[in-house]
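Topology and contacts: notes
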Amino acid sequence: LYLSLDGGFYMRDLYRAVNTDVALTSVACVVAGSLFFWHTKSLFLTLFGLLQIILALPISWSLYRFISIFSFPVMNLGGIFIVFSLGADDVFVMADKWKSTRAIMTRASTTEVAIISLPSAITATLM
């Protein structure tokens, strides 16, 4: 951005906003990862939950660039928080559905639990 005659943004203000957003995104990643680990008690699920969220960012950005008419460059960083919140919700829904199905079907195999729990969890996350 540039300094306009009506007192618009300075480039330094934009950089300050970007640096703040990057710092807040890093904090959100650490908090989400900590909550994933506390909830699932699994480092594997925690890492893949975070990977799922991180891989959603380039996909959502590509879709935005493909269908977007207008450009809001400063607002793009705010979208990271939306993607993080949606991705975190998906991880918690999947884990909770798995745990509740496992509690009901105590003698079932892992495959049987997956056949029952995952389709309904996927439906819930797409709603």
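Anyway, here's the lowdown on the structure attached to this text. Being a predicted model, the structure only gives us computed values, none of them experimental. (Residues numbered from 1 in each chain as written. Predicted model: local features only at pLDDT ≥ 70, side-chain atom pairs only at ≥ 80, totals over all residues. Heavy atoms only, no water.)

**Quick look at the layout of surface pockets**
- Reported here for the largest pocket is a volume of approximately 370 Å³.
- In terms of lining, the largest pocket is formed by 14 residues, of which the most central are Gln52, Asp90, Val91, Met94 and Ala95.
- For the lining of the largest pocket, the secondary-structure elements that each account for two or more residues are α2 (43–67), α3 (73–104) and α4 (110–126).
- Ranked by residue count, the leading element in the lining of the largest pocket is α3, at five residues.
- Tallied by class, the residues present in the lining of the largest pocket amount to nine nonpolar, four polar and one charged. (1 Å grid on protein atoms, 1.4 Å probe; cavity = no way out; pocket = protein on both sides within 12 Å on 5 of 7 lines; lining within 4 Å. Points joined across faces, edges and corners; volume = space filled by probe spheres on them. Helix = DSSP H or I, 4+ residues; strand = E, 2+ residues; numbered from the N terminus. Nonpolar A, V, L, I, M, F, W, Y, C, P; charged D, E, K, R; others polar.)

**With respect to the environment of Phe81**
- Secondary-structure assignment places Phe81 in helix α3.
- Expressed as a C-alpha distance, the spacing of Phe81 and Asp21, which sit 60 residues apart in the sequence, is 9.4 Å.
- Filtering out sequence-adjacent residues up to four positions away, Phe81 remains in contact with Asp21, Leu24, Thr25 and Ala28. (Contact = heavy atoms within 4.5 Å.)

**Some remarks on the nonpolar core**
- Counting residues in each nonpolar core, the largest one holds nine residues, listed as Ala32, Phe36, Leu50, Ile53, Ile80, Val83, Phe84, Ala88 and Val91.
- Those elements that place two or more of their residues in this core are α1 (11–40), α2 and α3.
- At five residues, α3 tops the list of elements feeding residues into this core.
- Contacts of Ala88, omitting those with residues within four sequence positions, involve Phe36 and Ile53. (Core = buried A, V, L, I, M, F, W, Y, C linked by side-chain atoms within 4.5 Å. Buried < 20%, exposed > 50% of the residue type's maximum accessible area, 1.4 Å probe, protein only.)

**What to know about α2**
- For α2, spanning 25 residues, the distance from its first C-alpha to its last is 37 Å, which sits close to the expected 36 Å at 1.5 Å a residue.
- Regarding α2, the residues found buried are Thr46, Gly49, Leu50 and Ile53.
- A side-chain oxygen of the first residue of α2 lies 3.4 Å from the backbone nitrogen of Phe44; this N-cap is Ser42. (Expected span 1.5 Å × (residues − 1). Polar contact = N/O pair within 3.5 Å; in protein donor to acceptor, adjacent residues only side chain to side chain.)

By themselves, these are just geometric observations and shouldn't be taken as functional.
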